[in-house]
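Chain by chain, the residues:
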Amino acid sequence: MASLVLPSPSSCSTSSSASLFSRGSFCHKSFIFNEPRSRVSISSGIKCDLAQPLNGKPFVPILKDGVLPEFLQSRHMENAVNRSNTRLKIFSGTANPTLSQEIAWYMGLNLGKINIKRFADGEIYVQLQESVRGCNVYLVQPTCPPANENLMELLVMIDACRRASAKNITAVIPYFGYARADRKTQGRESIAAKLVANLITEAGADRVLACDLHSGQSMGYFDIPVDHVYCQPVILDYLASKTFSFNDLVVVSPDVGGVARARAFAKKLSDAPLAIVDKRRQGHNVAEVMNLIGDVKGKVAVMVDDMIDTAGTITKGAALLHDAGAREVYACSTHAVFSPPAIERLSSGLFQEVIITNTTPISDKNYFPQLTVLSVANLLGETIWRVHDDCSVSSIFQ
């Protein structure tokens, strides 16, 4: 019987706290902490050094001096607080433990002790190894591939917390699987997004915290509160560090369905012009580009999408942009699902850079020279604090 016991984060050798929208608030492989860190009042300037690639892999820049913008400082930052008796507890599933450790590091907490096992027949066993009675519990578990395994693990974790008398249970789902099955496109289809929402609710979750849902209506499928976290500020903060002129930028939506997302992104980039790739999908995971709406000749094209799965849509769109005279093409996406043959397509030379976040884990074999991974741990950590403190979440993105 396979067993996994997730340890608490221990002491990191890098700098202390980092920007909420930082391009790297974590050590590359492991965390070592002697004790939890309290959040204290800090200045509002940001200083950043860009790190060089390590062993051919993209390495995320590390912010120094532990500084945060003033508007991101909640009342937990104003006074050092003893966290040993806090009623807030964070537990991690097995889907993305590295992200969970980063979130706990930002919040100055230790991950809760939990034992997750797989029986020989594939059944999942979960045991909390510390009391959660009367606590506000946050379970970090994206439902990334293998989606069904990770979803079932999340449901069992929720049930374990409910039966252990947790006061409130929040499912923190950085990547919400089945989000694309949010409507019927033809007869006799299921709406799996609604089904998954019902499962999470019936398992005992009191709230859901999700990042960049495929479509806004997915929030309405839940009968419990949903906090929708937008990861665009993390990518925008990184693009702001680039040397290209913003007058040369054009934001491109890879399909008509993503126009609203691309328009919001363009508005934040000095109100950059917008272009749209018109495509016709002939089957699942199969896309065919038809034409381009907008002018990209001689410009730096930034393609924006919520996820990259097989990369068929975005690579065909990039080829069309190059044919239309684009000088460089950047791909920006929150969720890197990277189903085969995504890596081959993305590393084919069409993109100057592929910018993603760590809402889903990236295996070593999926790294390629043009890939840049940004951390959303500080963003999620700040959101969890604000939910716990009954503060506004939307003000983070204003």
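Above: the structure in question.
The text that follows walks through the structure, step by step, so that each part is easy to find.

The rules behind these values
- Residues numbered from 1 in each chain as written.
- Predicted model: local features only at pLDDT ≥ 70, side-chain atom pairs only at ≥ 80, totals over all residues.
- Heavy atoms only, no water.
- Helix = DSSP H or I, 4+ residues; strand = E, 2+ residues; numbered from the N terminus.
- Buried < 20%, exposed > 50% of the residue type's maximum accessible area, 1.4 Å probe, protein only.
- Contact = heavy atoms within 4.5 Å.
- Axes fitted to C-alpha atoms, helices over the stretch in contact; angles between N-to-C directions.
- Parallel < 35°, antiparallel > 145°, perpendicular 65-115°, else oblique.
- Nonpolar A, V, L, I, M, F, W, Y, C, P; charged D, E, K, R; others polar.
- Phe/Tyr/Trp six-rings, centres within 6.5 Å; stacked < 30°, edge-to-face > 60°.
- Left-handed = near helix turned anticlockwise from the far one by under 90°.
- Core = buried A, V, L, I, M, F, W, Y, C linked by side-chain atoms within 4.5 Å.

Take methionine 290: it is sitting in strand β13 (residues 286–293). The exposure class assigned to methionine 290 is partly exposed, which follows from its relative accessible area of 41%. Along the primary structure methionine 290 and arginine 280 are separated by 10 residues, whereas in three dimensions their C-alpha atoms are 6.8 Å apart. Ignoring sequence-local partners within four residues, the contact set of methionine 290 consists of Asp278, Lys279 and Arg280.

In contact at an axis separation of 8 Å, helix α3 (residues 147–163) and helix α4 (residues 192–203) are set at 25 degrees when each is read in the N-to-C sense. Taken together, the axes of α3 and α4 are roughly parallel relative to one another. Residues Leu151, Leu154, Leu155, Ile158, Asp159 and Arg162 of α3 form the contact with α4, whose own contacting residues are Val196, Leu199, Ile200 and Ala203. Tallied by class, the residues present in the contact of α3 with α4 amount to eight nonpolar, no polar and two charged.

Let us now look at the packing of aromatic side chains. As enumerated under the stated definition, the model contains five aromatic pairs in all. Between tyrosine 230 and phenylalanine 397, the ring centres sit 5.6 Å apart and the planes meet at 85 degrees, which makes this aromatic pair edge-to-face. In this pair, tyrosine 230 sits in the loop between β10 (226–229) and α5 (232–239) while phenylalanine 397 sits in the segment after α9 (377–388), placing the two residues 167 residues apart along the sequence. Assessed through its relative accessible area of 39%, tyrosine 230 is described here as partly exposed. Pairing phenylalanine 244 with phenylalanine 246 gives two aromatic rings, centres 6.1 Å apart and planes at 70 degrees, and the pair type is edge-to-face. Overall, phenylalanine 244 belongs to the buried group, its relative accessible area being 11%. Residue class for phenylalanine 246 comes out partly exposed when judged on its relative accessible area of 29%. Counting every residue linked through ring pairs, the aromatic cluster contains Phe244, Phe246 and Tyr330.

Moving on, we get to the packing of helix α2 (residues 97–107) against α9. Packed helices, taken two at a time, are described by the angle between their axes plus the distance between the axes. Orientation of α2 relative to α9, taken along the N-to-C sense of each, is 60 degrees, at an axis distance of 8 Å. Between α2 and α9, the angle falls in the class oblique. Our pair here, α2 against α9, has a crossing hand that is right-handed. Facing Leu99, Glu102, Ile103, Tyr106 and Met107 of α2, the residues of α9 in contact are Ala377, Asn378, Leu380, Gly381, Glu382, Ile384 and Trp385. When grouped by side-chain class, the residues that make up the contact of α2 with α9 number eight nonpolar, two polar and two charged.

What follows covers the nonpolar core. With 47 residues, the main nonpolar core has Ile90, Ile103, Met107, Leu239 and Phe265 as its most contacted residues. Sequence-distant contacts of isoleucine 90, defined by excluding residues within four places in its chain, comprise Ile103, Met107, Leu109, Asn110, Leu111, Gly112, Tyr138 and Val140. Ala160, Cys161, Ala179 and Ile200 belong to the second-largest nonpolar core, a separate cluster that totals 37 residues.

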